[in-house]
Amino acid sequence: MKLLIINGSPKLGINNTSILLDKFILGFKENPDNTFQICRMNTKETYQKAVNEFVDADNILIAFPLYTYSMPAGIKLFFESLEHYQKKCHGKKVAFLVQYGFVEATHARPLEKYLAFICKILECEYMGTIIKGGCDGLSRNQIGAKKILRGMYEIGKSFGACGKFDYDQLNHYSAPEVTKKMNRLLVKIMFWAINKFYWERAFKKNGISVKESFAKPYGE
Ligand SMILES: Cc1cc2nc3c(=O)[nH]c(=O)nc-3n(C[C@H](O)[C@H](O)[C@H](O)COP(=O)(O)O)c2cc1C
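Residues numbered from 1 in each chain as written. Predicted model: local features only at pLDDT ≥ 70, side-chain atom pairs only at ≥ 80, totals over all residues.

Now for the site of the ligand. Residues in close proximity to the ligand total 17 residues, the closest being S9, N15, T17, P65 and G101. Of the residues belonging to the shell around the ligand, the class tally is seven nonpolar, eight polar and two charged. (Near = placed C-beta within 6 Å. Nonpolar A, V, L, I, M, F, W, Y, C, P; charged D, E, K, R; others polar.)

Further remarks concern the nonpolar core. Ranked by size, the top nonpolar core spans 42 residues in total, and within it I6, L61, I62, A63 and V98 carry the most contacts. Ignoring sequence-local partners within four residues, the contact set of L61 consists of L3, I5, A95 and L97. (Core = buried A, V, L, I, M, F, W, Y, C linked by C-beta atoms within 7 Å. Buried ≥ 20, exposed ≤ 12 C-beta atoms within 10 Å, placed from the backbone. Contact = placed C-beta atoms within 7 Å.)

Hydrogen bonding along the main chain pairs the strands of a sheet, whether they run parallel or antiparallel. Taken in spatial order, the five strands make up an open sheet running β2-β1-β3-β4-β5, and their pairing is parallel. Strands with a single pairing partner mark the edges of an open sheet, and in this sheet they are β2 (35–40) and β5 (125–132). With direction set aside, neighbouring strand axes in the sheet form an average angle of 20°. Judged from the five bridges that link them, strand β1 (residues 2–7) and strand β3 (residues 59–65) form a sheet pairing that is parallel. In the strand pairing of β3, N7 is matched with A63. (Pairing = 2+ DSSP bridges. Helix = DSSP H or I, 4+ residues; strand = E, 2+ residues; numbered from the N terminus. Axes fitted to C-alpha atoms, helices over the stretch in contact; angles between N-to-C directions.)

In this section: the environment of R184. Locating R184 in the fold gives a position in helix α7 (residues 181–205). Judged by the 11 C-beta atoms lying within 10 Å of it, R184 is exposed. With 21 residues separating them in the primary sequence, R184 and K205 have C-alpha atoms 30 Å apart.

Let us look at unusual backbone geometry. Put simply, A175 and P176 share a cis peptide bond, and its omega is 5°. Tracing the chain through its elements places P176 in the loop between α6 (167–174) and α7. Phi at T68 is positive, roughly 40°, even though this residue is not glycine. For T68, the location among the structural elements is in the loop between β3 and α3 (73–81). The exposure class assigned to T68 is exposed, which follows from the 6 C-beta atoms found within 10 Å.

Next up on the list: the environment of L66. Examined against the element boundaries, L66 turns out to sit in the loop between β3 and α3. Look at L66 and you get buried, because 20 C-beta atoms sit within 10 Å. In the structure, L66 is positioned 57 residues away from S9 in sequence and 9.3 Å away in space, judged by C-alpha atoms. Apart from the residues lying within four places of it in its own chain, the contact partners of L66 are V98, Y100, H107, A108 and L111.

It is worth spelling out the packing of helix α2 (residues 44–56) against α3 at this point. Running from N to C, α2 and α3 cross one another at 45°; their axes reach a closest spacing of 10 Å. What the angle tells us is that α2 and α3 run oblique. The chirality of how α2 crosses α3 is right-handed. Of α3, the residues touching α2 (which contributes Y47, A50 and V51) are G74, L77, F78 and S81. (Parallel < 35°, antiparallel > 145°, perpendicular 65-115°, else oblique. Left-handed = near helix turned anticlockwise from the far one by under 90°.)

Okay, the environment of S158 next. Summarising the element assignment, S158 is placed in helix α5 (residues 145–162). Taking C-alpha positions, S158 is 9.8 Å from F24, a pair spaced 134 residues apart along the chain.

This paragraph deals with the packing of helix α1 (residues 16–28) against α5. Contact pair α1 / α5: the axes reach a minimum separation of 6 Å and the direction vectors enclose 40°. On the basis of the axis angle, α1 is oblique to α5. α1 and α5 meet at a crossing whose hand is right-handed. Only L149, M152, Y153, E154, I155, G156, K157, F159 and G160 of α5 make contact with α1, whose side of the interface consists of L20, K23, F24, I25, L26, G27 and F28. When its residues are assigned to classes, the contact of α1 with α5 shows 10 nonpolar, three polar and three charged.

The next thing to look at is the domain arrangement of the protein chain. Domain annotation for the protein chain reports domain 1 (2–174) and domain 2 (181–213). Look at where the C-alpha atoms of domain 1 and domain 2 centre, and you get two points 38 Å apart. (Domains from an automatic or database assignment.)

The following block contains the structure:
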C-alpha cells in the first residue's frame, strides 16, 4: 500500500502527533510492499499543498490533536477546502489518528462521528479512527509513554499487513472509555484539597474572600 500521511498538528516544532506517527510508520513498514509519504500541514501555505496531495492519493491517514473536543482550525480549513474537490475524492480510503491530553476515549467520540460523516459527504471510504488520550506529555517522555508508543507500533503493523484497521485492537488501545468511579472520586478529593489548601490560602494572602473568588462581574 502507498499511504499519504498528513500531520495536522499546528505546532511548528516537536509535536506529539509526529511522535505517534513515527511509531505507526515503523510498524507499517514491517511489510516491505508498503510505502508512505508525509505531508506536514501547519502553515497557511501547507494547507493547499495538503489538499492537492490528498486529491492525488488513494490511501490517506490524517493525524491531528484534539482541540476543544474538536480539531485545530487548520484541519477544519483543510476539510472545508475539500468541498471543491468532492467529485475527485470518490473511493479514496481515509483513516484518522486523533490524540490528546485527557485519558478517556469518550472525549473524541463525537469528533469520530464527524470524521465518518465528512468521508460520507466526500464519498470516501471511512477506514476508522485511532483514538488515544493521555498523550499530552509524549514529547517529555511521560510515564506510560512506552506503552502508548508500543501500541501505536502494533496498530501500524497490523494496518500495514492487511490494509485496514482491526477494530478490536483500536478499542483496546483507546481504553478507558471513561474513568472508573473510584478515580473520579479521587479527582474530586484532589480538587477539593487544592482549593482548600492552596487557593484559599492564596486568596487570604491577597485579601480576597472565597465568596468573592466566585464573582461574575460580567454575568450579573
Ligand atoms: C488550543 C488547545 C486545545 C486543546 N483541547 C484539548 C481538549 O479538548 N481535550 C484534550 O484532552 N486535550 C486538548 N488539548 C491538548 C492537546 O490535544 C495535546 O496536548 C496534544 O497531545 C497536542 O498534540 P501536538 O503536540 O501534536 O500538537 C488542547 C491543546 C490546545 C493547545
